[in-house]
Amino acid sequence: MYSEHKWTAVEKISFVVNIIPAGKVLPYGKVADLAGLPGRARYVSRALKLAPSEANLPWHRVINSAGKISFPKNSDLFQQQTELLRLEGIEVNQGNISLSKYLWQPDLATLVMTLPF
DNA sequence: GGGCGGGCAGTCA
DNA sequence: ATGACTGCCCGCC
């Protein structure tokens, strides 16, 4: 059955963030790409900030393209994100995460069939 | 409402 | 590492 539903940018972003597996991370820019919104990395951060907590998004799995946590080192959010990532077995040193170890590299063919948009 | 300016959990050269 | 550039939301005329 076709759905007439029009996916909003926020919905697409939420969807992509939701399918990042535990123990993996994805940069803002990649999230935007997979959501079909190339060049809109900043909008991803904005969307995450505005997303209702009830959505239970694994926001902590989104980091910047340099492989770092995008919060000031003394902030609560920085601490939270560090802890959440460690709970999933990801090594975090001073906000740095090894992309070569933890970058999510989805099989694109599978992904295309997974995304509803 | 419409328009403009500032700010941002980013990215790339 | 630094700076230029971006897309878009939000608050204020």
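Residues numbered from 1 in each chain as written. Chains lettered and ligands numbered in written order. Predicted model: local features only at pLDDT ≥ 70, side-chain atom pairs only at ≥ 80, totals over all residues. Heavy atoms only, no water.

Under an unreviewed UniProt entry, the name given to chain A is MGMT family protein, and the organism recorded is Shewanella holmiensis.

Asks: Account for the protein's contact with DNA strand C, naming residues and giving values.
Replies: Contacts to DNA strand C come from Gly39, Arg40, Arg42, Tyr43, Arg46 and Leu50. Among atoms of DNA strand C positioned within 4 Å of the protein, sugar and phosphate together represent 67%. Between a phosphate oxygen of DNA strand C and a side-chain N or O atom of Arg40, the distance comes to 3.2 Å. Here a base nitrogen of DNA strand C sits 3.3 Å away from a polar atom, N or O, in the side chain of Arg42. Of the residues belonging to the surface near DNA strand C, the class tally is two nonpolar, one polar and three charged. (Near = heavy atom within 4 Å. Polar contact = N/O pair within 3.5 Å; in protein donor to acceptor, adjacent residues only side chain to side chain. Nonpolar A, V, L, I, M, F, W, Y, C, P; charged D, E, K, R; others polar.)

Asks: Would you mind going over the packing of aromatic side chains in detail, with residue names and values included?
Replies: Taken as a whole and assessed by the stated rule, the structure comprises three aromatic pairs. Here Phe15 and Phe117 contribute two aromatic rings whose centre-to-centre distance is 6.0 Å and whose plane-to-plane angle is 80°, an arrangement assigned as edge-to-face. Residue Phe15 is found in helix H1 (residues 9-18), and its partner Phe117 is found in the segment after helix H6 (108-114); the two are separated by 102 residues along the sequence. In this structure an aromatic cluster arises from ring pairing among Trp7, Phe15 and Phe117. (Phe/Tyr/Trp six-rings, centres within 6.5 Å; stacked < 30°, edge-to-face > 60°. Helix = DSSP H or I, 4+ residues; strand = E, 2+ residues; numbered from the N terminus.)

Asks: Quick one: what's the story with the protein's contact with DNA strand B, residue by residue and with numbers?
Replies: Close to DNA strand B lie 13 residues; Gly29, Arg46, Lys49, Ser65 and Ser70 are nearest. Within 4 Å of the protein, the contacting atoms of DNA strand B are drawn from sugar and phosphate to the extent of 47%. One of the side-chain N or O atoms of Arg46 is found 2.7 Å from a base nitrogen in DNA strand B. A distance of 2.6 Å separates a phosphate oxygen of DNA strand B from a polar atom in the backbone of Ser65. Of all the elements in the fold, those that place two or more residues in the surface near DNA strand B are helix H2 (28-34) and helix H3 (41-50). In terms of residues, the surface near DNA strand B owes the most to one element, H3, which gives six residues. When grouped by side-chain class, the residues that make up the surface near DNA strand B number five nonpolar, five polar and three charged.

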